[in-house]
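Summary of the model geometry
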Amino acid sequence: PLLGALILALLRRHAWAVYLGQALAGLEVGLAVLLYRTLERDSPALQLAERVDLLGPLGYHAAADGVTVLFVVLCAVLTLLLTVYAAERRLPDQVLLLATILGVEAVLMSALATINLMWFVLAGAVELGCLGYLLWRWAITAEKGQALARFYHFQGTGLLLLLAGTLILGWAHADLRGGHWSFDLVDLVGLPLTGTLGAVAFFLLFYGLGVRTPLFPFHGWLPIVAQHGNLAIGPTFLLGIKIGLYGMVRFVFPVLPQAVETWHFYAVGFAAAGVFYAAVLAFLQTDLRRLLAFAVISHTSLAVIGLFTLHRTALQGALLLSVNFGLAATTMLFMVGFVFRRTGTTAMAELGGLF
């Protein structure tokens, strides 16, 4: 995807580059399916590992398991759908838009494949920068500045919390290993952090990922971004691919098992409150975009409850729900986008003749 983004950025003045972007997104779907078919699904181990020593604790280390492949396939499919949607909506500067979409996909694939927590955090920072550009450049209302400010206020805070928790884990590992810093999942799992420091790291990571999920009460950025930001493309990457839930399963659960066991009722309480709080607010909305935003918060909270029940079946159900809802939410966002294209509004009071 990154190579495709660079090629499209160079060919942005050619009309046929739109079809090239769709073909490149389709190729990535093929690679994702190849990963799915190659992976030994009966094995819980991390497979197809690649490792290159780079800047000390920032070494490149990628691998895949059953959780990875679910989100990789979802990311590839949603990106392909986004390239088709962007062409159908006839949004301005389509080739640049497709290049940006492929760039975001590249960063997301990096975050999904890495098993280095700091790489995951850095990929998240780059992704949020790209998504901020998407929300600003292809926004649909004049209030895009307000939406972008709220987006970066919440997401920047969440990213700082995530970075702080990551640094604590790396520092604790260095303290136990004679000054050897590491953010690698294999190393961190080998020396799990416990006690008070483990609880602090858990809450920093949980709150940081909770902003991105989004989980009540860290959802304040979503309604205004849904109403005044980009209609479907940015929100699909933010909501369709549950990178916050993935981060919890990939890093928080295996690295901080004691803290998860101690505080899982707390997390379930947050999520249970969010299910009903967001559902009630969804009923009160008069705009399709804001209604969908609160429905996403409510639905996502169900997946978080499944994760933190710490039951195998519930965990599997939560992961499958995340994938299924990613497809459903994307489809709903597309429909809202097509309604807006034909009517110029998403206010439900003005859509009485829609049928």
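Cut-offs used in this document
Counting restarts for each chain: residues are numbered from 1 in the order of the written sequence. pLDDT decides what is reported in this predicted model: residues at 70 or higher carry local features, side-chain atom pairs at 80 or more are listed and counted, and totals for whole chains, interfaces and linings draw on all residues regardless. Side-chain measures were taken over the full set of non-hydrogen atoms in the model, leaving aside hydrogen atoms and water. Salt bridges are defined by distance alone: a side-chain nitrogen of Lys or Arg within 4 Å of a carboxyl oxygen of Asp or Glu. The secondary structure listing takes helices from DSSP runs of H or I that are at least 4 residues long and strands from runs of E that are at least 2 residues long, numbered from the N terminus. Exposure categories follow from relative accessible area, calculated using a 1.4 Å probe and restricted to protein chains: below 20% of the type maximum is buried, above 50% is exposed, and the middle band is partly exposed. What makes a nonpolar core is a set of buried Ala, Val, Leu, Ile, Met, Phe, Trp, Tyr and Cys residues whose side-chain atoms join them at distances within 4.5 Å. Whether two residues touch is decided by their heavy atoms; if any such pair falls within 4.5 Å, the residues are in contact. Counting rule for disulfides: a pair of cysteine sulfur atoms within 2.5 Å. Between any two strands, at least two bridges found by DSSP are needed for them to pair. Fitted lines through C-alpha atoms give the axes, limited to the stretch in contact for helices. The angle between two N-to-C directions lies from 0 to 180 degrees. Orientation is classified from the angle alone, with under 35 degrees giving roughly parallel, over 145 giving roughly antiparallel, 65 to 115 giving roughly perpendicular, and any other angle giving oblique. It is the rotation of the near helix from the far one that decides the hand of a crossing: anticlockwise by less than a right angle makes it left-handed, clockwise makes it right-handed. When residue character is reported, Ala, Val, Leu, Ile, Met, Phe, Trp, Tyr, Cys and Pro are called nonpolar, Asp, Glu, Lys and Arg charged, and the others, Gly included, polar. A pair of aromatic rings is counted whenever rings of Phe, Tyr or Trp (Trp by its six-membered ring) have centres within 6.5 Å, and the orientation is called stacked for planes under 30 degrees apart, edge-to-face for over 60 and tilted otherwise.

1. A look at the pattern of salt bridges
Tallied over the full model, the rule gives four salt bridges. Here Arg-51 ties to Asp-184 by a salt bridge, and the two come within 3.7 Å at their closest N and O atoms. Of this pair, Arg-51 sits in strand 1 (residues 47-52) while Asp-184 is found in the loop between helix 6 (144-176) and helix 7 (185-190), placing the two residues 133 residues apart along the sequence. Between Arg-289 and Asp-287 there is a salt bridge; the shortest N-O distance is 3.4 Å. Across the pair, Asp-287 and Arg-289 agree in class, each one buried.

2. With respect to the nonpolar core
Counting residues in each nonpolar core, the largest one holds 113 residues, and the members touching the most others are Phe-237 and Phe-308. Looking at this core element by element, the count peaks at 13 residues for helix 4 (residues 94-113). Dropping the residues within four chain positions of it, Phe-308 is found in contact with Phe-202, Phe-206, Met-248, Phe-253, Val-260, His-264, Ala-267 and Val-268.

3. A few points about the state of the cysteines
A complete count under the given rule lists zero disulfides for this structure. Lacking any disulfide linkage, Cys-75 is separated from the closest cysteine sulfur, that of Cys-130, by 13 Å. Overall, the relative accessible area of 0% leaves Cys-75 in the buried class.

4. Quick word on the pairing of strand 2 (residues 60-64)
When you tally the buried positions in strand 2, you get four out of five residues, the bulk of the element. Pairing geometry for strand 1 and strand 2, over four bridges, is antiparallel. Its bridge partner being in strand 2, Glu-50 is matched across the sheet by Ala-62.

5. Structural notes on the packing of helix 10 (residues 233-240) against helix 14 (residues 312-343)
Relative placement of two packed helices is described by the angle separating their axes and the distance separating the axes. With their axes 9 Å apart at the nearest point, helix 10 and helix 14 run at an angle of 165 degrees to one another. When the axes of helix 10 and helix 14 are compared, the pair comes out roughly antiparallel. You can see that helix 10 and helix 14 cross each other, and the crossing is right-handed. Packed against helix 10, whose contacting residues are Pro-235, Thr-236 and Gly-240, the element helix 14 presents Ser-322, Gly-326, Thr-330, Leu-333 and Phe-334 at the interface. Taken together, the residues of the contact of helix 10 with helix 14 sort by class into three nonpolar, five polar and no charged.

6. A short note on the packing of aromatic side chains
In the structure shown here, the tally under the stated rule is 23 aromatic pairs. On the basis of an interplanar angle of 25 degrees and a centroid distance of 6.5 Å, the ring pair of Phe-206 and Phe-270 is categorised as stacked. Residue Phe-206 is found in helix 8 (residues 195-212), and its partner Phe-270 is found in helix 12 (residues 257-284); the two are separated by 64 residues along the sequence. Here Phe-206 falls in the buried class, since its relative accessible area comes to 1%.

7. A word on the environment of Leu-98
By the element assignment, Leu-98 lies in helix 4. Once the C-alpha coordinates of Leu-98 and Leu-20 are considered, the two residues, 78 residues apart in sequence, prove to be 9.6 Å apart. Those residues within four positions of Leu-98 in sequence are excluded, and the remaining contacts are Leu-8, Val-18, Gly-21, Thr-83 and Ala-86.

8. Looking at the packing of helix 6 against helix 8
Orientation of helix 6 relative to helix 8, taken along the N-to-C sense of each, is 150 degrees, at an axis distance of 8 Å. On the basis of the axis angle, helix 6 is roughly antiparallel to helix 8. For the crossing formed where helix 6 meets helix 8, the hand is left-handed. Residue-level inspection shows Phe-154, Gln-155, Gly-158, Leu-161, Leu-162, Ala-164, Gly-165, Thr-166, Ile-168, Leu-169, Trp-171 and Ala-172 of helix 6 in contact with helix 8, the latter providing Leu-197, Val-200, Ala-201, Leu-204, Leu-205, Tyr-207, Gly-208, Leu-209, Val-211 and Arg-212. Looking at the contact of helix 6 with helix 8, its residues break down into 16 nonpolar, five polar and one charged.

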